[in-house]
Amino acid sequence: MPEELPWWKRTTVYQIYPRSFADSNGDGIGDLPGVIERLDYLAGLGVETLWLSPFYDSPQADFGYDIRDHFGVAPEYGTLDDARRLIDEVHKRGMKIVFDMVLNHTSDQHPWFVASRSAREHDKRDWYIWRDGRGKHGERPPNNWRSMLGNNGWHRDGESGQWYWASFLSFQPDLNYRNPEVKETMLEVVRHWLRQGVDGLRLDIFNAIFKDASFADNPFSLRLLPSAENPHGFFQRNVHTIDHPDTLSFARDLRRTVDAFQDPARFLVGEVFGDPTTLRRYCGAEADGLHLVFLFKTLRMRFAGRGVRALIREIEQAFPEPLTPTYVFGNHDRTRLLQRLDGHQQKAKLFATLQLTVRGVPFIYYGEEIGMEHYEIPLVHGLDPVAVRHRKLPQWLARYLGRAGMLLNRDECRSPMQWHGGTNAGFSAENARPWLALHPRSALTNVDAQERDPASLLHCYQGLLALRRQSRALNAGALELVDDLGLPRAVVAYRRVAQGDVALVVLNFTSREVPLCLEVQDGALLFSNRDASTTPFFGRYSLAPYEGVVVSFPAPEA
Ligand code: GLC
């Protein structure tokens, strides 16, 4: 373990979905000044890095993941000055800030695409992926490739009769990275925001950037539905549309671009899908690719000690130093954590203890710290374009798929942040109409109420985040799973070790009390998710159901 790990390997990240976080002007839509007003809350919570989902100029057909101008701010979110002020205010509080970057595609309203589709001869034509169709009149798509949502990803354009490719929705045409001008322009977009002082970028559907130049059909597969850990599906193996070797080499180009910015160092985190071994390839054979990738397998982690231990082992094997794993429990596309735990607060506290003590960068989704739940909204009422596409599906099927991890109405995990128990929960002015309805439980589950309750989930997160910042073992130490304490298999234990600092984490996934006996002198119970206070530890302790503890010891003499 090197003496000093770069900050981004030790940090904790909090994701803000700006549309739903805080509305400063009463138009019902969260905005950048609203985020600025809440920075003291975030600093008090103790998260170190903020990641904001896109707020660039956009027609908002996919709520910002359809960018129309990479250099501008959508008026409903504020102005460029607000974006600059946000960066400054975050830095003033000693935190870092990460912006979202959609490199793979643009909005179909982007002037580049408008120009590209205007004529075959236009010099922007080749900025996107255009092909002639098959069949006598080109009436059949160029090949069998499917989008990530399962439909044919080729869309025919009336004017020229050619087809353009979109990995996601039809209004999000993919850029053509085989055109060097496109690649250079997008690298310049990246540099632009780093020059503005942004500390990192989150890269949207990064695994789709390069498509195979042969345009050969994807092979048949029996697999029906893709998942975050296995993106093949809809009866094909997407060998020509995702995880292309050229995407992996582009990851290295980006790394060089970003590493040219120092003091402070910056980082990239990629949204990629697959098992940990596939994901690791994005970080580069020499750790010279993306700094971090999301490990979405953690999103589906079941509340069971054996499975958790197996997953930690798998992640440790796939992401040994100098690589750093990530622990992601929620985001703006997925089922919320508390939902997956059937609303069980103590279980959520145990998962939080795991997430904030394990080796890797934790990503906390806004509201997770107060246990915000889904707001189940029928598909027919969904604003999310994915819900709109699936609105004819029966609701029971949507619910079933949501439970299996495939959320079809992403509005459900994007309901506004719950700040207090009053009208509109402090998200928006009382007389405003929030863009999505507040969760009915906001009167009970909100920041105000949890700040007043020392036993709340919020206090548990605060305690863990504070401990992690102070404890070198927790923020920078190596991880060793501990199997020799005579504990039941459903109790997970690991040691975090950094020079001069050792912490033992024990997580009781059972609903029973479990005795913990350690042969130690001079230990200290640094944290328990039952009660965040520090007490001396004399070797014997009774773990309550779902209790997680962190115990520290003086380092053994070298
Ligand atoms: C990513 C984003 C998602 C968006 C999609 C298309 O998966 O997280 O919200 O809709 O990419 O950009």
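Residues numbered from 1 in each chain as written. Predicted model: local features only at pLDDT ≥ 70, side-chain atom pairs only at ≥ 80, totals over all residues. Heavy atoms only, no water.

Re the overall build of the protein chain
The criterion, for reference: Secondary structure elements are taken from DSSP: a helix is a run of H or I of four residues or more, a strand is a run of E of two residues or more, and numbering for both begins at the N terminus. To get the radius of gyration, use the C-alpha atoms; to get the globule rule, take the number of residues to the power 0.38 and multiply by 2.2 Å. Working definition: with a 1.4 Å probe on protein chains only, accessible area under 20% of the residue-type maximum means buried, over 50% means exposed, and in between means partly exposed. Residues count as neighbours in contact if any of their non-hydrogen atoms are within 4.5 Å of one another. The accessible surface values rely on the Shrake-Rupley method and a 1.4 Å probe; as for residues, cover is taken only from the protein chains in view. Lys and Arg are tallied as positive, Asp and Glu as negative. Neither His nor the chain termini are counted. By convention, the point assigned to a charge is CZ for Arg, NZ for Lys, CD for Glu and CG for Asp.
The helix and strand tally for the protein chain stands at 16 helices and 21 strands. Computed over the C-alpha atoms, the radius of gyration of the protein chain is 24 Å, within 12% of the 24 Å expected from 2.2 N^0.38 for a compact globule of 558 residues. Seen along its three principal axes, the alpha-carbon backbone of the protein chain occupies a region of about 80 × 55 × 50 Å. Every one of the 558 residues in the protein chain was classed for burial, and the buried ones make up 63%. Considering only intrachain contacts with a sequence separation of at least 6, the fraction spanning at least 24 residues in the protein chain is 68%. For the protein chain, the accessible surface area stands at approximately 21,300 Å², while carbon and sulfur atoms represent 50% of it. One finds the centroid of the 65 positive side-chain charges in the protein chain at a distance of 6 Å from the centroid of its 70 negative side-chain charges.

Considering the site of the ligand
So the rule is basically this: A single heavy atom is enough: if one lies within 4 Å of a molecule or strand, its residue is considered near that molecule or strand. For this analysis, a polar contact is any N or O atom pair within 3.5 Å, provided that within protein one partner can donate a hydrogen and the other can accept it, and provided that sequence-adjacent residues contribute only side-chain to side-chain pairs. Definitions used for this entry: grid spacing 1 Å over protein atoms alone; cavity, a set of points where a 1.4 Å probe fits but cannot get out; pocket, an open set with protein on both sides within 12 Å along at least 5 of 7 lines; lining residue, one with an atom within 4 Å of a point. Occupancy of a cavity or pocket is assigned to a molecule whenever over half of its atoms lie within 2 Å of that pocket's grid points.
Close to the ligand lie 13 residues; Asp62, Asp204, Glu271, His332 and Asp333 are nearest. A distance of 2.5 Å separates an oxygen atom of the ligand from a polar atom in the side chain of Asp62. Here an oxygen atom of the ligand and a side-chain polar atom of Arg410 are 2.9 Å apart. Contact with the protein chains hides 98% of the accessible area of the ligand, taken as 300 Å² for the molecule alone. A molecule is said to occupy a pocket when more than half its atoms come within 2 Å of that pocket's grid points, and by this definition the ligand occupies the largest pocket.

A closer look at the pattern of salt bridges
Note the threshold: A pairing counts as a salt bridge when a side-chain nitrogen of Lys or Arg comes within 4 Å of a carboxyl oxygen of Asp or Glu.
The final tally for this structure, using the stated rule, is 36 salt bridges. Arg202 is the partner of Asp204 in a salt bridge, and the nearest nitrogen-oxygen pair spans 2.8 Å. Each of the two residues, Asp204 as well as Arg202, counts as buried. Here Arg202 and Glu271 are joined by a salt bridge, their closest N and O atoms 3.4 Å apart. Remark: Glu271 occurs in the loop between β10 (267-270) and α8 (276-281) and Arg202 occurs in strand β9 (residues 200-203); sequence separation between them is 69 residues. Taking the relative accessible area as the measure of exposure, Arg202 reaches 0% and is therefore buried. For Glu271, a relative accessible area of 3% corresponds to the buried category. A single salt-bridge network, built from bridges that share partners, covers Asp62, Asp333, Asp384, Arg410 and Arg414.

Things to note about the sheet that holds strand β11 (residues 292-293)
Keep this limit in mind: When DSSP locates at least two bridges between a pair of strands, those strands are taken to pair.
With parallel pairing, the 8 strands of this open sheet are ordered in space as β11-β10-β9-β5-β2-β1-β13-β12. The strands lining the two open edges of the sheet, one partner per strand, are β11 and β12 (326-328).

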